[in-house]
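Chain residues, written in single-letter form:
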Amino acid sequence: MRAPATLSFTGKNLTCTRGDTTVFTDLDFDVDPGEALIVRGVNGSGKSSLLRMAAGFLAPTEGELRREGDLIAKDPENHFTRLHYLGHLNALKPAFTVLENLEFWRRLFSGSTRSTGIKTDARALDRLGLSAIADMPTHYLSAGQRRRLALARLLAVARPLWLLDEPTSSLDDAGSETLVQLISEHLSTGGMVIAAVHGELAVPDCKTIVLGSEPPVS
Amino acid sequence: MVNWHRLANPKLFLTWSRRVLPWAAVITALLLAVGLYLSLFVAPPDYQQGDTVRIMFVHVPSAWMALFTYTVMAGASAAGLIWKSPLSHLTAKAAAPIGASFTLLALATGALWGQPMWGTWWVWDARLTSVLILFFLYLGYMAIWQAIDDYTRAAKSAAILALVGFVNVPIIKFSVDWWNTLHQPASVLRLDGPSIHPTLLTPLFVMIAAFTGYFIVLLLIRLEREILARQAQTLRRAQARG
Amino acid sequence: MLVVVFFVLTVTLFPLGVGPEASVLRRIAPGVIWVSALLAAMLSLDRLFQVDFEDGSLDQLALAPLPLELVAAAKCLAHWLSTGLPLLVISPLLGILLNLSGEAYGTLLLAMAIGTPSLSLVGAIGAALTVGIRRGGVLLSLLVLPLYIPVLIFGVGAIDAALVGLGGNAHLLVLAAILLIALPLAPWAVAGALRLNLE
Amino acid sequence: MESAVQFLDMGGYALFVWPAFIMVAIVMTALLIWSWRDLRRERQTLELLAERRGSGETAGTGNDA
């Protein structure tokens, strides 16, 4: 193991109960900068719960989540502002155009003024092949295009930790390839990714944990 | 964060409450008997209101219990949110229907008391109106428990509502009192009379004590039922998956 | 804008119900305007957080660099600008509709200006508590209307006092006090309630 | 006997005093009985579940509220 990575994101014997059912118990994981963690498991095995817990939305019933050594529960804001969370829902307003949606979130997240952000928005849209329809209202977009727009948010504002819940859902092959490239680039710049997936996500040398049936293997 | 409250508390509570319940029931019964005897037989009729003043011996305790129960609910909700103990949320949930019943009793007895005096069943008196609004706060609290399926979310939402309601009770009381004095010159026959005659005080306090005892007995019963219902639900879920 | 139409429509119902006599209308004008404003403000509350909850924006709002309390305050302001302000602007017109006598208009505007923000703040708490609940709108009105009563009483009281010539300052001050209580507490309660929905 | 009738009359307000007391008595006892029956029913269902669980599986897990 390399020097104890101070920038790592770790979870120790996490237990998650939803209502009264225990979704998973004493689960450990740790992700260091430049590493990806793939979460597998059958439907309902708690993949989404784990990601929402990692994001700090859902407090673990037992166990601790630490980022760079300190508890995220102590200072959730600090954790929130340094992660991207991509859930099943894309958080897009149908009435806004593609560019307006991206710009809204970019300005809210980075707090930067309009001018500097224009270039990053354009680059993000271009990277995901949405430049052509930048001015189209979002409710005209297909599910795949909406998913790409949600992914564009990851590029528009640089944040070290990506939490992706089935990011490839409704993406076509080209889209999935782009996603894998984006993840690899993010990892190469020292970013961290935790992704819940079904099927394959061709990210080289990444850790995997499986929820549900058999005990997690790291 | 330390939540040792959570684990030990319910079982500890159940053993404790089963021991306390019979005693509380006996004391309450005694208080009720004494109170009824005093209010019906011993207390003299009021020189102005005659015997209708006896209704005060059930009206005032009911209204007082309605407010007391809401305070208990707010306190339990605050404790539930701060120390994250489900027992507190269950206490508030168990208390709500009791409080709502007391508000209804207060309104009904108030109408029965007001009728001979003002010839109408409902009087927009400041206290009666405040109790009516308190009844709506109770309905809102109970409705939110029903509306949300997930237990933890329902408990916390209800707790927030109880606290928001609690902050508003004095504001509502103040504004209704002010509104009442504006529209109705202070009527001589205020519900509790110009000043309560000393001989009426003792029965009143005994009745209030009896009502409080009744509240505690009922709360313990309802709380135990809530705890057992939760445990049954967990067992059912476990078996469904087991 | 629908809110304003609802407001005007509700107020016009009263003369049809109560009868057109000017003296009666003048007497009940403040009450009618305020009750209608209350209902109008409450109508648009359930969309305040429900839409964001359903399309996933609520999660992203929690990830924004500003605290959730500030997001809640911004939502309350947005609700006031979209409902409270239009109601404020149109209320004199309704005063005319109900033969409200001349000297009360100043106090009417002042009372509405100080009172309607409290409606948005307190209403936002109800909206946040009923996010994600089926048929939450009905529950929302049950939760929020009792809490609106103080604003109603002192809002109408201010106008009545102005009509009688005493001047509604005392009532406006109480309305301001209610607002000052709601200003810090409401966003805090709303944020607490929203966090529940993040789980 | 005479004072009994006079007592029941409540100085002419019998129609108001007695209903008030009776109503309070009815509501309070009804609430008490209803809650008590609820509790007993809950205890039975819990025992039932516990038995089935006991026979069903060996490891009885301690559960809490």
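Residues numbered from 1 in each chain as written. Chains lettered and ligands numbered in written order. Predicted model: local features only at pLDDT ≥ 70, side-chain atom pairs only at ≥ 80, totals over all residues. Heavy atoms only, no water.

## Examining the interface of chain A and chain C
Here's step 1: The interface is formed by 20 residues belonging to chain A together with 19 residues belonging to chain C.
Here's step 2: When the two sides are added together, the surface that chain A and chain C hide from each other amounts to roughly 1,600 Å², 58% of it contributed by carbon and sulfur.
Here's step 3: Here chain A is connected to chain C by three salt bridges.
Here's step 4: Ionic pairing is found between C:Asp52 and A:Lys93, a salt bridge with its closest N-O pair at 2.4 Å.
Here's step 5: The tally of links between chain A and chain C comes to eight residue pairs in polar contact (both at pLDDT 80 or more).
Here's step 6: For the side of chain A that touches chain C, the secondary structure elements donating two or more residues are helix H2 (76–80), strand E6 (83–86) and helix H3 (98–110) of chain A. (Contact = heavy atoms within 4.5 Å. Buried area = accessible area lost by both parts, 1.4 Å probe. Salt bridge = Lys/Arg side-chain N within 4 Å of Asp/Glu carboxyl O. Polar contact = N/O pair within 3.5 Å; in protein donor to acceptor, adjacent residues only side chain to side chain. Helix = DSSP H or I, 4+ residues; strand = E, 2+ residues; numbered from the N terminus.)

## Re helix H8 (residues 169–198) of chain C
An α-helical turn contains 3.6 residues, so any two residues separated by three or four positions project in the same direction.
Here's step 1: Between the first and last C-alpha of H8(C) there are 43 Å, a value that for 30 residues agrees with the 44 Å anticipated at 1.5 Å per step.
Here's step 2: Taken as a whole, H8(C) carries its principal kink of about 35 degrees at C:Ala182; the proline C:Pro184 stands between one and four residues after it. (Expected span 1.5 Å × (residues − 1). Bend = angle between axes of the 7 residues up to and from the residue.)

## Focus on the pairing of strand E7 (residues 161–165) of chain A
Residue and element names in this part refer to chain A.
Here's step 1: With five of five residues buried, E7 is to be regarded as a mostly interior element.
Here's step 2: Neither face of E7 is left uncovered, since the one carrying Leu161, Leu163 and Asp165 and the one carrying Trp162 and Leu164 both have all their residues buried.
Here's step 3: As paired elements, E6 and E7 share four bridges and run parallel to each other. Residue pairing for E7: tyrosine 85 is matched across the bridge by leucine 163.
Here's step 4: Where E7 lies against strand E8 (residues 192–196), five bridges are found, and the strand directions are parallel. What sits directly across from aspartate 165, in E8, is alanine 196.
Here's step 5: Crossover E7 to E8 through helix H6 (residues 173–188) is right-handed. (Buried < 20%, exposed > 50% of the residue type's maximum accessible area, 1.4 Å probe, protein only. Pairing = 2+ DSSP bridges. Right-handed = clockwise from strand over helix to strand, strands pointing away.)

## Some details on the interface of chain D and chain B
Here's step 1: Counting residues at the interface gives 33 residues for chain D and 47 residues for chain B.
Here's step 2: A combined buried area of about 3,800 Å² lies between chain D and chain B, and 76% of that area is made up of carbon and sulfur atoms.
Here's step 3: The interface formed by chain D and chain B contains three salt bridges.
Here's step 4: The salt bridge involving D:Arg43 is made with B:Glu224; its shortest N-O contact spans 2.9 Å.
Here's step 5: Our count for the contact surface shared by chain D and chain B stands at four residue pairs in polar contact (both at pLDDT 80 or more).
Here's step 6: In terms of residue count, the dominant contributor to the side of chain D that touches chain B is helix H2 (residues 14–56) of chain D (25 residues).
Here's step 7: Each residue belonging to the side of chain D that touches chain B can be placed in one class, and the counts come to 23 nonpolar, three polar and seven charged. (Nonpolar A, V, L, I, M, F, W, Y, C, P; charged D, E, K, R; others polar.)

## Structural notes on H6(A)
Residue and element names in this part refer to chain A.
Here's step 1: In a regular helix each residue adds 1.5 Å, so 16 residues correspond to 22 Å; H6 covers 23 Å between its end C-alpha atoms and thus fits that length.
Here's step 2: Where H6 is concerned, the buried positions are Gly175, Ser176, Thr178, Leu179, Val180, Leu182, Ile183, His186 and Leu187.
Here's step 3: Once H6 finishes, glycine 190 follows within two positions and takes phi at roughly 85 degrees, a positive value.

## A short note on the sheet that holds strand E1 (residues 9–18) of chain A
Residues and elements named next belong to chain A.
Here's step 1: Pairing is antiparallel in the open sheet, where four strands are placed in the order E2-E1-E4-E5. Edge strands, defined here as strands with exactly one partner in the open sheet, are strand E2 (21–31) and strand E5 (70–71).
Here's step 2: Here strand E4 (residues 62–67) pairs with E5 via two bridges, running antiparallel. Directly across from arginine 67, in E5, lies its bridge partner aspartate 70.
Here's step 3: On top of the sheet, helix H1 (residues 47–55) reaches E1, E2 and E4; it is set at about 125 degrees to E1, its chief contact. (Axes fitted to C-alpha atoms, helices over the stretch in contact; angles between N-to-C directions.)

## Here we look at the domain arrangement of chain A
All names here are of chain A.
Here's step 1: Looking at the assigned domains, one finds that chain A contains domain 1 (1–82 + 160–211) and domain 2 (94–158).
Here's step 2: Using C-alpha coordinates to define each centre, domain 1 is positioned 24 Å away from domain 2.
Here's step 3: Contacts between the two partners involve 16 residues from domain 1, matched on the other side by nine residues from domain 2.
Here's step 4: On inspection of domain 1 and its partner domain 2, the count reaches two salt bridges. (Domains from an automatic or database assignment.)

## So, the packing of helix H5 (residues 68–97) of chain C against H8(C)
Residue and element names in this part refer to chain C.
Here's step 1: The interhelical angle for the contact between H5 and H8, taken along N-to-C directions, is 110 degrees, at an axis separation of 8 Å. Here H5 is positioned roughly perpendicular relative to H8, judged by the angle of their axes. When you trace H5 past H8, the crossing you get is right-handed. Residues Leu68, Glu69, Ala72 and Ala73 of H5 touch H8, and the partners they reach there are Pro187, Trp188, Val190, Ala191, Leu194 and Arg195.
Here's step 2: Split into classes, the residues belonging to the contact of H5 with H8 amount to eight nonpolar, no polar and two charged. (Parallel < 35°, antiparallel > 145°, perpendicular 65-115°, else oblique. Left-handed = near helix turned anticlockwise from the far one by under 90°.)

## Let's talk about the packing of aromatic side chains
Here's step 1: Summed over all chains, the structure comprises 19 aromatic pairs over all chains.
Here's step 2: Centre to centre, the rings of B:Phe13 and B:Trp16 are 6.0 Å apart; their planes meet at 45 degrees, and the pair counts as tilted. Placement of the pair is B:Phe13 and B:Trp16 together in helix H1 (residues 4–42), with a separation of three residues, close to one helical turn.
Here's step 3: When its relative accessible area of 43% is taken as the criterion, B:Trp16 is described as partly exposed.
Here's step 4: Measuring from centroid to centroid gives 6.0 Å for B:Trp145 and B:Tyr151, while their planes differ by 40 degrees, and the two rings are tilted.
Here's step 5: An aromatic cluster is defined as three or more aromatic residues linked by ring pairs; in this entry it consists of A:Phe96, A:Phe104, A:Trp105 and A:Phe109.
Here's step 6: Taking the ring centre of B:Trp145 as reference, the NZ or CZ of B:Lys93 above it sits at 5.0 Å. (Phe/Tyr/Trp six-rings, centres within 6.5 Å; stacked < 30°, edge-to-face > 60°. Lys NZ or Arg CZ within 6 Å of the ring centre and 35° of its normal.)

## Details of the arrangement of the chains
Here's step 1: No other pair of the four pairs of chains in contact has as many contacts as chains B and D.
Here's step 2: With respect to C-alpha atoms, chain A approaches chain D no nearer than 9 Å, and the pair has no contact.
Here's step 3: Across the gap from chain C to chain D, with no contact made, the nearest C-alpha atoms are 20 Å apart.

## A short note on the sheet that holds E7(A)
Residues and elements named next belong to chain A.
Here's step 1: On the basis of which strands lie adjacent, the open sheet formed by five strands has the order E6-E7-E8-E3-E9 and parallel pairing. Strands at the two margins of the open sheet, each flanked by one partner only, are E6 and strand E9 (207–211). Across the sheet, the axes of successive neighbouring strands diverge by a mean angle of 15 degrees, strand direction being ignored.
Here's step 2: Bridge count for strand E3 (residues 36–41) against E9 is five bridges, and the pairing is parallel. Each residue of the ladder has a partner; that of glycine 41, found in E9, is leucine 211.

## Concerning a nonpolar patch on the surface
Here's step 1: Taken together, B:Val167, C:Ile181, C:Leu185 and C:Trp188 make up a surface patch of nonpolar side chains, about 380 Å² in accessible area.
Here's step 2: Among the elements that line the nonpolar patch, the one with the most residues is H8(C), at three residues.
Here's step 3: Following the sequence through the fold, C:Trp188 ends up in helix H8.
Here's step 4: According to the relative accessible area criterion, C:Trp188 is exposed, its value standing at 58%. (Patch = residues over 30% accessible without salt bridge, like charges linked within 9 Å, V, L, I, M, F, W, Y side chains within 5 Å. Areas by Shrake-Rupley, 256 points an atom, 1.4 Å probe, with all protein chains shown as cover.)

## Structural notes on unusual backbone geometry
Here's step 1: In this model, A:Ala91 sits at a positive phi of 55 degrees, which is unusual for a non-glycine residue.
Here's step 2: Position of A:Ala91 relative to the elements: it lies in the loop between E6 and H3.
Here's step 3: By relative accessible area, A:Ala91 is classed as buried at 1%.
Here's step 4: Residues other than glycine seldom take positive phi values, yet C:Arg135 does so here, at roughly 50 degrees.
Here's step 5: For C:Arg135, the position within the fold is in the loop between helix H6 (104–129) and helix H7 (136–164).
Here's step 6: Overall, the relative accessible area of 68% leaves C:Arg135 in the exposed class.

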